[in-house]
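Descriptive structure summary
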Amino acid sequence: AAGRVTLPGEAMKDVYWLLAESHTALKHTDEAIQYYRLIVKNHPKSDIGVDALYRLAHHLQQKGAFREASQHYSRVAAEQPAGKLAAQALFASGFCLSKEGMDAEAVREWAALATRYPADPLAEQALYQKAMHEVRLKRDADALASLDDLVKRFAKTRFLADAQYWRGVVLKEQGKMDEAEKALREVSRGEPRPELALEAQFHLAGVLQKKGAQEEAARLYQELISSSIKEKLGPELLQWLSEFWCARKEFDAALAGARAIVDRSRDAAWQQTGWCLQGRAHLGKGDAKSARAAFASAVKADARTPGLAEAALRLGELSLAEGAHAEAAVHFTKAAEVAGG
């Protein structure tokens, strides 16, 4: 047609690039994608083919088209493995696959980055992400190997606290308590976030408890009773904690655990246990009035735990000490009735 100018292919490639970059600058994402696609389709081997492929993947990622973005990122790494964009593309591909819930495939990309480009700044983060997704996939042996590799290769890694935390958790699950203890104690060296420090303390206490270091375990647990992760201390653990401190005559500490049971559990059986433990601690402190109130609450709870017999017995003893013999007889009879031998 008159007036129409036909440009050679090489020139059209440059026009597409200028249009794509202009639309990118104007934040016209769909239009930019259109022109990058034309370069990728018609000029894949040109001097800007791989750059266009990377930019196309990046725009698709921003639009949430993660699976397609990953495919293009992978092509970048495959077509120019020695290029400046290869490591970035592999990392971004792993990220996109993770967003799609394709954790195993994401691990594959990050493993390739860490193996092929060990000196790249992204290798450190790739190893960490690989390990975290292996934890998610319950590939404990692989996760531990990745974390060990991370700590070994990057002694001052910014992920040190997290890496040691997850090493400790995995080792604990594998029953390697000595190694788990060492890793969890190392968490503090990495300047952990406050929440991570508390989580590490919780797991360390569990490891120490299993190893028989009851005193240190109890003190670590005790510090967590009022912390932001206090819900991790279930009633069974709080019962153990309260009984442990009662046995050592540290009755204020015992009271804290017993009160936490009552405050956090609506179950009648745990309410009864918590009140009974409170009464036991109050008795230890010599506070008969508070002990009586706690034991009375235990008896009123609609449950039949060992705490019921203990609470009735102690109420009988308190009544007897006060000279209230008839009341004492009622409580002793109750205790005998529910004790079951």
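Residues numbered from 1 in each chain as written. Predicted model: local features only at pLDDT ≥ 70, side-chain atom pairs only at ≥ 80, totals over all residues. Heavy atoms only, no water.

Turning next to the overall build of the chain. Each helix and strand in the chain was counted, giving 18 helices and zero strands. Each of the three principal axes of the chain carries a C-alpha extent, and together these read 120 × 45 × 30 Å. Considering the chain as a whole, with its 341 residues, one finds that 47% of them fall into the buried category. For the chain, the computed accessible surface area is about 17400 Å², with 52% contributed by carbon and sulfur atoms. If the 47 positive side-chain charges of the chain are averaged to one point and the 46 negative ones to another, these points end up 1 Å apart. (Helix = DSSP H or I, 4+ residues; strand = E, 2+ residues; numbered from the N terminus. Buried < 20%, exposed > 50% of the residue type's maximum accessible area, 1.4 Å probe, protein only. Areas by Shrake-Rupley, 256 points an atom, 1.4 Å probe, with all protein chains shown as cover. Lys, Arg positive; Asp, Glu negative; His and termini not counted. Charge placed at Lys NZ, Arg CZ, Asp CG, Glu CD.)

The next thing to look at is the side chain of threonine 273. Among the structural elements, threonine 273 can be located in helix H15 (residues 268-285). Not counting residues within four places of it along the chain, the set of residues in contact with threonine 273 comprises Gln239 and Thr305. (Contact = heavy atoms within 4.5 Å.)

Enumeration over the complete set of coordinates arrives at 10 aromatic pairs. Consider the rings of tyrosine 221 and tryptophan 240, whose centres lie 6.2 Å apart with planes at 80°: the pair is edge-to-face. Of this pair, tyrosine 221 sits in helix H12 (residues 214-224) while tryptophan 240 sits in helix H13 (residues 235-247); the two residues are 19 residues apart in sequence, bridging distant segments of the chain. In this structure tyrosine 221 comes out as buried when scored by relative accessible area, which is 3%. Take tryptophan 240: its relative accessible area is 22%, and that puts it in the partly exposed class. Both rings, one in phenylalanine 244 and one in tryptophan 245, keep their centres 5.0 Å apart while their planes meet at 80°; by these two values the pair is edge-to-face. Put simply, the rings of Phe202, Tyr221, Trp240, Phe244 and Trp245 touch in pairs and so form one group of aromatic residues. (Phe/Tyr/Trp six-rings, centres within 6.5 Å; stacked < 30°, edge-to-face > 60°.)

So, on to the confidence of the model for the chain. Overall, the prediction assigns the chain a mean pLDDT of 94, with 97% of residues at 70 or greater. Across residues 1-6 the pLDDT falls below 50, and counting only partners more than four positions away or on other chains, this stretch makes zero contacts in the model. (pLDDT = per-residue confidence, 0-100.)

Quick look at H12 now. When we look at burial in H12, the residues that qualify are Ala217, Ala218, Leu220, Tyr221, Gln222 and Leu224. Taken together, the buried residues of H12 touch helix H11 (194-211), H13 and helix H14 (251-264).

What follows deals with the packing of H15 against helix H17 (residues 306-321). It is at 9 Å that the axes of H15 and H17 come closest, and there the two elements cross at 35°. You can see that H15 and H17 cross each other, and the crossing is left-handed. Of the residues in H17, those touching H15 at Gln272, Cys276, Arg280 and Leu283 are Gly307, Leu308, Glu310, Ala311, Arg314 and Leu318. Across the contact of H15 with H17, the residue classes tally to five nonpolar, two polar and three charged. (Axes fitted to C-alpha atoms, helices over the stretch in contact; angles between N-to-C directions. Left-handed = near helix turned anticlockwise from the far one by under 90°. Nonpolar A, V, L, I, M, F, W, Y, C, P; charged D, E, K, R; others polar.)

Attention now goes to the nonpolar core. Tyr165, Phe202, Tyr221, Leu233 and Trp245 are the most contacted members of the largest nonpolar core, which has 44 residues in total. Elements represented by at least two residues in this core include exactly helix H8 (140-153), helix H9 (160-173), helix H10 (177-186), H11, H12, H13, H14 and H15. Those residues in contact with tryptophan 245 that sit more than four places away from it in its chain are Glu215, Ala218, Arg219, Gln222, Glu250, Ala253 and Ala254. One finds Ile39, Val50, Leu56 and Leu85 within the second-largest nonpolar core, a separate group that totals 25 residues. (Core = buried A, V, L, I, M, F, W, Y, C linked by side-chain atoms within 4.5 Å.)

So, on to the state of the cysteines. If you walk through the whole model with that rule in mind, you get zero disulfides. Cysteine cysteine 246 shares no disulfide, and the gap to the nearest cysteine sulfur, in cysteine 276, comes to 9.5 Å. A residue is classified by how much of its surface remains accessible, and cysteine 246, at 11% relative accessible area, is buried. (Disulfide = S-S within 2.5 Å.)

The next point concerns the environment of leucine 184. On the secondary structure map, leucine 184 appears in helix H10. Overall, the relative accessible area of 4% leaves leucine 184 in the buried class. Leucine 184 sits 20 residues away from glutamine 164 along the chain, and the two C-alpha atoms are 6.2 Å apart. For leucine 184, the residues in contact, after removing those within four places along its chain, are Gln164, Tyr165, Gly168, Ala200, His203, Leu204 and Val207.

Turning our eyes to something else, we now look at the environment of leucine 277. Structurally, the position occupied by leucine 277 is in helix H15. Taking the C-alpha atoms as reference points, leucine 277 and alanine 294, 17 residues apart in sequence, are found 8.3 Å from one another. Setting aside residues no more than four positions away along its own chain, leucine 277 makes contact with Gln239, Ser242, Glu243, Ala258 and Ile261.

A few words now on the side chain of glutamate 310. Along the polypeptide, glutamate 310 turns up in helix H17. Classification of glutamate 310 as buried rests on a relative accessible area of 18%. If we ignore the near neighbours within four places in the chain, the residues touching glutamate 310 are Cys276 and Arg280.

This paragraph deals with H8. In this model H8 runs 20 Å from its N-terminal to its C-terminal C-alpha over 14 residues, within 8% of the 20 Å that 1.5 Å per residue would give. Close packing links the buried residues of H8 with helix H7 (122-136) and H9. (Expected span 1.5 Å × (residues − 1).)

Positive phi, normally seen in glycine, also occurs at lysine 138, with a value near 60°. By the element assignment, lysine 138 lies in the loop between H7 and H8. Overall, lysine 138 belongs to the exposed group, its relative accessible area being 71%. Located in the positive-phi region is lysine 249, a residue other than glycine, with phi close to 60°. Judged by relative accessible area, which is 64%, lysine 249 ranks as exposed.

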